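Summary of structural features
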Amino acid sequence: MKLFPYLLLLLSPFILFAQNKKQAVIKIDAAAKTEINPFQYGQFIEHLGRAITGGIYDEHSPLADQEGFRKDVLEKVKELRTPLLRYPGGTFTKIYHWEDGIGPKAARKKRKNLIWGGVEDNHFGTAEFISYCRKLNAEPFLVVNMATGTPEEAANWVEYCNGTEDTYYANLRRRDGFKEPFNVKYWGIGNEEGAETDAGRHQDPELYIRDTWQFLKLMKLQDNSLKFILVGNSEDIAWSSKVLQQLGPVCDFLSIHLYSIPKDTTFNSLITSIDEIEKPLVKMESLLAKMPAKVEQFNKWYRFPSRKEPIKLAIDEWGIWDLSSGKGKGDYQMEYQYNWSHALGVATFMNLFQRHSSSIGMATWAQTVNVLAPVMSDPTGSYRQTVFTPLKAFRDYAGKYNLQTAVESENTAGGFKTLDVSSSITEDGHQLTLTIVNRDVVNTVQSNIEIEHLPAPFKTGILKKISYTAAHLYAVNTFKNEHSVKKSEKSEKITGNQMTISLPPASFNIIILQAQDMLRKN
Ligand code: AHR
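What comes next is a walk through the structure. Just so we're clear, the structure is a prediction, and the values are computed from it rather than from any experiment. (Residues numbered from 1 in each chain as written. Predicted model: local features only at pLDDT ≥ 70, side-chain atom pairs only at ≥ 80, totals over all residues. Heavy atoms only, no water.)

**Section: the site of the ligand**
So the rule is basically this: Here, proximity means that at least one heavy atom of the residue falls within 4 Å of the molecule or strand. By the criterion applied in these results, polar contacts are pairs of N or O atoms within 3.5 Å in which, for protein atoms, one can donate a hydrogen and the other can accept it, and in which residues neighboring in sequence qualify only through two side-chain atoms. Using a grid of 1 Å spacing that covers the protein atoms alone, one calls a set of points a cavity when a 1.4 Å probe fits there but cannot get out, and a pocket when the set is open and has protein on both sides within 12 Å along at least five of seven lines; lining residues are those with an atom within 4 Å of a point. To be counted as sitting in a cavity or pocket, a molecule needs more than half of its atoms within 2 Å of that site's grid points. All residues other than Ala, Val, Leu, Ile, Met, Phe, Trp, Tyr, Cys, Pro, Asp, Glu, Lys and Arg, Gly among them, are scored as polar; the first ten of these are nonpolar and the last four charged.
Taken together, 14 residues lie around the ligand, and E46, T91, E192, Y259 and E317 are the ones closest in. T91 has a polar backbone atom sitting 2.9 Å from an oxygen atom of the ligand. At 3.1 Å from an oxygen atom of the ligand is found a side-chain nitrogen or oxygen belonging to Q367. Among the cavities detected, the one that contains the ligand is the largest pocket. Here the residues of the shell around the ligand are counted per class, giving 6 nonpolar, 5 polar and 3 charged.

The following block contains the structure:
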């Protein structure tokens, strides 16, 4: 009897450890599928600071190729496997005149970048953008200037890019050495047009709608196969609703920008601000749900067809503005050094988008190089930031279909759910992937996974677990050390539709279930 208190004391660390190990259950319905549009994994570039010139493009650098693209940067951006690239802005579009960026470089007009500062030499313009897209195997997405530009200027840009006849702007493209049309299908009509502080003039939705009609008509008359991204606003439901009601027959995508702006530097604020983004997203979804799937009655005198598919959301800018850290460098302090907590935030964002994939037609992370970016460069080299890891992982591992997924997990001390999860399955149904963020920064989570309607080939298979962690939440990559993110991998055989996995604190995990017949193929 006397020994008991000593034994208890000896065992206490283990008892404590056991208490700290949290439990969770992830439930997946493999029959409840919605298609993920690959355009959810897009990127955005803008003439802002060193995002393009001095980042992607640096014609006098010894590290550049013959076209002036930084080879080391291109190699890293390629790894991100972006299927869609948005250009030239952003707010920059409000002062951009595309004709400044075509033809012989020496003759291109230099202009003050009135939005972001500095001088824009326009050596990276339409043809350079298209060439970069081709190198990345990405669809080009152009945004037109509706603030200081005209509908005719926008329509001429369409003709320059897509024209096939013997006409002035199509011939200009040929003069510039491009016999074949660029075939740019995705066009944004303006950017954040409600913003009062920008150089725009459309703060009134009615004005935006009136002008958009004219832009859109002239552009469609040039090429009736274009798809339009119109400006919505997730914080101004009245604006979005009016745009949908009045431009619904010709709106293919409604643009919203979803930035996380945490109120301080803590992990709790960061995650809370990202979790809160679900609310505006749901509101926008309910607006879209009221719209007809296609428009049949359309006046033939428009001379182009109406929309024939459901309107989707274009989250054509998303990311993290950690203003509170005060650490951003460069123009407008937008060159952030992202740490491991931000990478966990990005994974949380991407899970959110995947879970809402039925309403999302595209999403382009803002931005790509140096500015709010996964890739950083200086004149001597470049490196991948921590946020590169989840951006790449989703593109590498997510399947074609999102699966309905529910999580039962305790809340963290910060008041949000410990586990954030989404899951997907490949087209052939033989590989199922879970992307899981353990947002508990102290505790390992032991989670059961239960899968309903698991396809027959999974009767036996293999479970591969890839875990990404870092020494602490504030670990960063730098030019000297690009390896603050640690990767560990482990595989085990599985049978049946239930399994248990262990998820380290503050980790991003990819769980891949491969059916038996996949194993034979590999
Ligand atoms: O991505 C930087 C800026 O953020 C974009 O130019 C603008 O659209 C947004 O507010």
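**Observations concerning the sheet that holds strand 20 (residues 498–503)**
Where we set the bar: Whether two strands pair depends on DSSP finding at least two bridges between them. Each helix corresponds to a stretch of at least 4 residues labelled H or I by DSSP, and each strand to a stretch of at least 2 residues labelled E; elements are numbered beginning at the N terminus. Inter-axis angles, ranging from 0 to 180 degrees, are taken between N-to-C directions of lines fitted to C-alpha atoms, where helices are fitted over the stretch in contact. We call two residues in contact whenever any of their non-hydrogen atoms come within 4.5 Å of each other.
Read from one edge of the open sheet, 9 strands run 19-18-21-16-15-14-1-17-20, paired in mixed fashion. Lying at the two open borders of the sheet, with one neighbouring strand each, are strand 19 (485–495) and strand 20. On average, each strand axis in the sheet is inclined to that of its neighbour by 20°, with strand direction left out of account. Summarising the sheet, strand 16 (residues 431–438) and strand 21 (residues 507–515) pair through 8 bridges and their orientation is antiparallel. If you follow I436 over to strand 21, its bridge partner there is N509. Against the sheet, helix 10 (residues 340–355) touches strand 14 (401–409), strand 15 (419–425), strand 16, strand 18 (460–470), strand 19 and strand 21, its axis set at about 50° to strand 15.

**What to know about the nonpolar core**
Threshold: By convention a nonpolar core is built from buried Ala, Val, Leu, Ile, Met, Phe, Trp, Tyr and Cys residues, the set being connected through side-chain atoms within 4.5 Å. The cut-offs for exposure are 20% and 50% of the maximum accessible area for each residue type, with area from a 1.4 Å probe on protein chains only; residues under the lower value are buried, those over the upper are exposed, and the others partly exposed. A domain assignment, automatic or from a database, supplies the domain bounds used here.
If you look at the biggest cluster of nonpolar residues, it comprises 117 residues, and the most contacted ones within it are W187, M219, W318, W340, F353 and F508. At 9 residues, the largest contribution of residues to this core is made by helix 10. Counting only domains with at least three residues in this core, you end up with domain 1 (4–35 + 400–515) and domain 2 (38–397). If near-sequence neighbours (up to four positions away) are discounted, W318 is found in contact with L258, Y259, V346, F349, M350, F353, A363, T364, W365, A366 and L391. Judged by nonpolar contacts, the second largest core, of 26 residues, contains A24, V407, V421 and I449.

**Describing the sheet that holds strand 7 (residues 186–189)**
Taken together, 8 strands build a closed barrel; the order of strands is 2-3-6-7-8-9-10-11 and the barrel is parallel. Taking each pair of neighbouring strands and ignoring which way they run, the sheet shows an average axis angle of 30°. The strands touched by helix 4 (residues 151–162) within the sheet are strand 6 (139–144) and strand 7, with strand 6 carrying the most contacts at an inclination of about 160°.

**A look at the layout of surface pockets**
Picture a little ball the size of a water molecule; that probe, rolled over the atoms, points out where space is still empty. Defined as follows: Grid points are joined across faces, edges and corners, and a volume is the space filled by probe spheres set on the points.
Considering only enclosed or pocket space, the largest pocket measures out at about 970 Å³ in volume. As for the largest pocket, its lining consists of 42 residues, and the residues nearest its centre are E192, E235, H257, Y259 and I261. Take the lining of the largest pocket: its biggest share by element is 6 residues, from strand 9 (residues 253–260). Within the lining of the largest pocket, the residues separate by chemical class into 17 nonpolar, 16 polar and 9 charged.

**What about the packing of aromatic side chains?**
What counts here: Aromatic contacts are taken between Phe, Tyr and Trp rings whose centres are within 6.5 Å, Trp giving its six-membered ring; a plane angle under 30 degrees counts as stacked, one over 60 as edge-to-face, and the others as tilted. Ring-over charges, as used throughout, are those where CZ of Arg or NZ of Lys falls within 6 Å of the ring centre and within 35 degrees of the ring normal.
This model, assessed by the stated rule, comprises 33 aromatic pairs. Consider the rings of W318 and F353, whose centres lie 5.1 Å apart with planes at 80°: the pair is edge-to-face. Linking W318 in strand 10 (residues 312–320) with F353 in helix 10, this pair joins segments that are 35 residues apart in sequence. F353 carries the same exposure label as W318, and that label is buried. Here the aromatic cluster, defined as three or more aromatic residues joined through ring pairs, consists of F92, Y96, W98, W157, Y160, Y168, Y169, F178, F182 and W187. Geometry around F44 places R86 over its ring, the cationic atom sitting 4.6 Å from the centre.

**Section: the environment of P310**
With respect to the helices and strands, the residue P310 is situated in the loop between helix 9 (278–289) and strand 10. Given the relative accessible area of 44%, P310 is considered partly exposed. Among all residues touching P310, those that are not within four sequence positions of it are D252 and A293.

**With respect to the environment of I274**
Inspection of the secondary structure assignment puts I274 in helix 8 (residues 267–275). A relative accessible area of 1% means that I274 is categorised as buried. Taking the C-alpha atoms as reference, I274 lies 8.3 Å from P262; in sequence the two are 12 residues apart. When neighbours within four sequence positions are excluded, I274 is seen to be in contact with S260, I320, G345, T348, F349 and L352.

**Details of the packing of helix 4 against helix 6 (residues 205–222)**
Here is the rule we go by: Any angle from 65 to 115 degrees is called roughly perpendicular, while one under 35 is roughly parallel, one over 145 is roughly antiparallel, and all others are oblique. Two helices that cross are described as forming a left-handed crossing if the nearer one is turned anticlockwise from the farther one by less than a right angle, and a right-handed crossing if clockwise.
For the pair helix 4 and helix 6, interaxial distance at closest approach is 8 Å and the crossing angle is 25°. Accordingly, the angle class assigned to the pair helix 4 and helix 6 is roughly parallel. Here helix 4 runs over helix 6; the crossing is right-handed. For the pair formed by helix 4 and helix 6, the contact residues are P151, E152, A154, A155, V158 and E159 on the first element and Q214, F215, L218, M219 and Q222 on the second.

**Things to note about helix 3 (residues 126–136)**
The buried fraction of helix 3 is high, at 9 of 11 residues. For helix 3, the complete set of buried residues consists of T126, A127, E128, F129, I130, S131, Y132, C133 and L136. Against helix 2 (71–79), strand 3 (84–87), strand 6 and helix 4 lie the buried residues of helix 3. Positive phi appears at N137, one or two residues downstream of helix 3, with a value of about 65°.

**Concerning the pattern of salt bridges**
Inclusion rule: A carboxyl oxygen of Asp or Glu within 4 Å of a side-chain nitrogen of Lys or Arg is what we treat as a salt bridge.
Inspection of every chain in the model, using the stated rule, returns 25 salt bridges. What you see here is one network of salt bridges that share partners, running through E35, K400 and E427.

**Some remarks on empty space enclosed by the protein**
Under the definition given, this model contains 2 cavities of 30 Å³ or more. In this structure, the largest cavity spans a volume of roughly 60 Å³. The biggest single contributor to the lining of the largest cavity is helix 4, with 3 residues. Along the lines of polarity and charge, the residues of the lining of the largest cavity split into 5 nonpolar, 4 polar and 1 charged. Size it by volume and the second largest cavity reaches roughly 30 Å³. Lining the second largest cavity are R86, F141, V143, G188, G190, I229, L230, V231, S255 and D316. Looking at the lining of the second largest cavity, the elements with two or more residues in it are strand 6 and strand 8 (227–231). With 3 residues, strand 8 is the largest single contributor of residues to the lining of the second largest cavity.

Just geometry here; none of it tells us what the structure is for.
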